[in-house]
Every structure is written in structure tokens, then in C-alpha cells.
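Chain by chain, the residues:
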Amino acid sequence: ANSLTPSIELNGVKYDIELVYADNESSTDKAVSAATKLVSEGCSVVLGSYGSSVAIAGSQTFAEAGIPVIGVTCTNPQVTEGNTHYFRICFLDPFQGTVLANFSKEKLSAKTVYCLGELGNDYDQGLINYFAEASKKLGMTVITESFQKDNSDFTSFLTNAKNKKADVIFAPCSTNYAQLIVEQASAQGVKAPLLAGDTWDSNVILEAAEKKDVKIYVTTFYQEGGNPEFDKGIKEWLNKKGNEDYLKNNGGDDKISAVSAMGYDAYNTALEAIKLANSGKAADILAKLPEVKYTGVSGEITFNDIGDANRDVAYVKQVNTKTGNWEFVTEQSVSK
């Protein structure tokens, strides 16, 4: 047990919540082995994963073991489809894609949008599909291209976007590609705003964009300042003596990303399920998860009949390239 693992009372007996870590390295190739490790450790409930592709890849391992999983930021609809063990606290890509399309049309006055994602990546291609569908319904022209895994040169893609006179470049890919796109867009003098989903809500993007002539907008689950008490607490924890590794893993500073807030909420959602179950057994926790009602730092958390969170608003924020910080832009819903 540590500072994040409180005691919890079940049937009159106090227990510590033990955290067990398994790193899938955001790779579908390693998702099953990471899931298998958690199963072998006897976990009662699992939090994760960060990405949709790895969540889908590891899902069956948890299903066969009868272990409930609470997705943190895995937004592809396939994560919860056709199963009873997977839940999640984030919004979904059909919603996020529509929100991004609405924002492009209403706030950025876009007429032509250029979409770029990794070939074969469930998250990239799924979100692009929903964004493209919504954009077409709003009367915008949509151009879509894909790049191969491990690609590092995006010059030709950005040139195509410029030649097609794209008003927005939508690239909902992982941060290792995103930072290259940001740097190369700046080098090429791309004026069209770069638009992405929740994966770009990262200190990696802030570092890549600082002091560069680019515009970046993302949809996300939480904006620093949304819950001052939480912000104060996590900043104090990150800066506490002995927590230097945590600060390093947060990008070297105490900026709060939405992923951190969502991880906090997922953890406490799991605790609520354990309390409702009055048990540490996976089957009991799974049976009670649908009943959880928790007020988190990212909002109210309840689940629908297939385990998806009931959410109808996303935050939109942009990078201030001068200060290297995120700035709140608007709350955007599908109906607006």
C-alpha cells in the first residue's frame, strides 16, 4: 500500500488496496501478456487501458478470467461491444468525432478538412471515420490519408493538405507521431489548425509546440482549473520529496493532463464498486459496477446498459505556444 491505496472496510474488516502494474507499452502485441500478468497476480478489478487498440487486444484475457475492467480513456465503441466485463468512464469516439466536426465548422469556419491517421490503428481510423461522417453531414469536404506504422516523415502528407487547401488538419494519432507532425507542420509553415482528440492532450504536445508557429486544438475530458482542490492535491503530490520519478513521468513539470484526472476518477470508481459489493471478489465487483454513481473531478460518472459512461459534453482547449500551456476554449456538445 502507498499514499494512493487507502484502507477499505469490507464486512467489518479493514483491507489495503494493492496496486499491481503491467505495462502494455501501448502496443497491441504486448496487450495480452500485460493482461495475463494482471490475471496471474489475482487482481479483482483492472483499470485501463490508455488506448482503444490495446484495450480491445487484451479484453478477452480479462473476460475469460471473469475480471471487470474500467477503461480510462479508451474511446472506441468496440471496447465494450459484445461483452459484459468492460466498462469505461470516458466519452466515445462517435460523440468525440461529432464534437470535433461541429467545432471545425462553427468555430474554425472550415470548408475542407484533411484527415490523417495510422493505417490499421483502431483508434485513429475509428475516430477519423466518425469525424468524417459528421463533417460531410455539415457540408464540409473531407480528404483522408493513412501512414504506415513507424513512419517518421510526414512532409508529403502535410504538403498534400496544403495543396488541397485544407482549412483543418485532423490527425488523431499517438503522441510519438503527433510531436513529429507538429514539428514538421511548423517547419513547413502550415497555417491550417491541427486538430485532434484526447490522445494529444499531453505534455509531449506542449513541448513539441512551444515557441512554434502552429495552432493546435484538442477535445479532452478535463481542463486544469476544473477542480481546484484536486489540482492543488496532485501538484503537491508530484512535487513532494521522493516523488521525483512521478514528476519525471509527468513530463518534468506539474501540469495536469486529462489522462491523470481520468485515472484518478477510474481508481475511485473502482473503490466505489468494491464498497457496493462489500467484497474483494472479482465476480461481486463486476455485479455491482453498473450501479456505481460517483462524482469525480471530470464530472458525474454513471454507466449505461452496456457499460459506457453517460457523458454529453467535451472540453476543447488549445496550445498557447508562447507559454507552453493549455488554454480552455469552450465546452462543446453534439447538440450545439
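Structure shown above.
Residues numbered from 1 in each chain as written. Predicted model: local features only at pLDDT ≥ 70, side-chain atom pairs only at ≥ 80, totals over all residues. Heavy atoms only, no water.

1. So, helix α6 (residues 175-187)
Right, on to step 1. Here α6 contains 13 residues, and its C-alpha end-to-end distance of 18 Å stays within 8% of the 18 Å for a straight helix at 1.5 Å per residue.
Right, on to step 2. Packed against the buried residues of α6 are β6 (112-118), β7 (141-147), α5 (155-163), β9 (194-196), α7 (203-209) and β10 (216-220).
Right, on to step 3. G189 occupies a position one or two residues after α6 and carries a positive phi of about 70°. (Helix = DSSP H or I, 4+ residues; strand = E, 2+ residues; numbered from the N terminus. Expected span 1.5 Å × (residues − 1). Contact = heavy atoms within 4.5 Å.)

2. Thoughts on helix α2 (residues 52-65)
Right, on to step 1. Compared with an ideal rise of 1.5 Å per residue, which puts 14 residues at 20 Å, α2 spans 20 Å between its outermost C-alpha atoms and is within 8% of the ideal.
Right, on to step 2. Residues of α2 that are buried include every one of S52, S53, V54, A55, G58, S59, T61 and F62, and no others.
Right, on to step 3. Tucked into the core, α2 has its buried residues touching α1 (28-40), β3 (46-47), β4 (69-71), β5 (86-88) and α4 (122-137).
Right, on to step 4. Phi turns positive one or two residues past the end of α2, at G66, with a value near 70°. (Buried < 20%, exposed > 50% of the residue type's maximum accessible area, 1.4 Å probe, protein only.)

3. Overview of the nonpolar core
Right, on to step 1. Ranked by internal contacts, the top residues of the largest apolar core, which has 37 residues, are I70, I89, Y222, F230, L289 and F303.
Right, on to step 2. At the level of elements, β1 (7-10), α3 (93-106), α8 (228-238) and α10 (258-277) are the ones that each hand at least two residues to this core.
Right, on to step 3. Here this core takes ten residues from α10, the largest share from any one element.
Right, on to step 4. Those residues in contact with Y222 that sit more than four places away from it in its chain are D201, N227, F230, D231, I256, A258, A261, V297, S298, Y315 and K317.
Right, on to step 5. Counting 31 residues, the second largest nonpolar core, distinct from the first, contains I143, A192, L194 and I216. (Core = buried A, V, L, I, M, F, W, Y, C linked by side-chain atoms within 4.5 Å.)

4. A word on the sheet that holds β4
Right, on to step 1. Taken in spatial order, the three strands make up an open sheet running β3-β4-β5, and their pairing is parallel. Only two strands of the sheet have a single neighbouring strand rather than two, namely β3 and β5.
Right, on to step 2. Inspection of the sheet shows β4 paired to β5 by three bridges, in the parallel sense. Pairing of I70 across the sheet is with F87, part of β5. (Pairing = 2+ DSSP bridges.)

5. Describing the layout of surface pockets
Gaps between atoms show up when a probe of the same size as a water molecule is rolled over them.
Right, on to step 1. The computed volume of the second largest pocket comes to approximately 580 Å³.
Right, on to step 2. Forming the walls of the second largest pocket are 28 residues, and the residues nearest its centre are S26, S27, E118, N121 and S174.
Right, on to step 3. Looking at the lining of the second largest pocket, the elements that each hand over two or more residues are α2, α4 and α6.
Right, on to step 4. In terms of residue class, the lining of the second largest pocket is made up of seven nonpolar, 14 polar and seven charged. (1 Å grid on protein atoms, 1.4 Å probe; cavity = no way out; pocket = protein on both sides within 12 Å on 5 of 7 lines; lining within 4 Å. Points joined across faces, edges and corners; volume = space filled by probe spheres on them. Nonpolar A, V, L, I, M, F, W, Y, C, P; charged D, E, K, R; others polar.)

None of this, on its own, says anything about what the molecule does.
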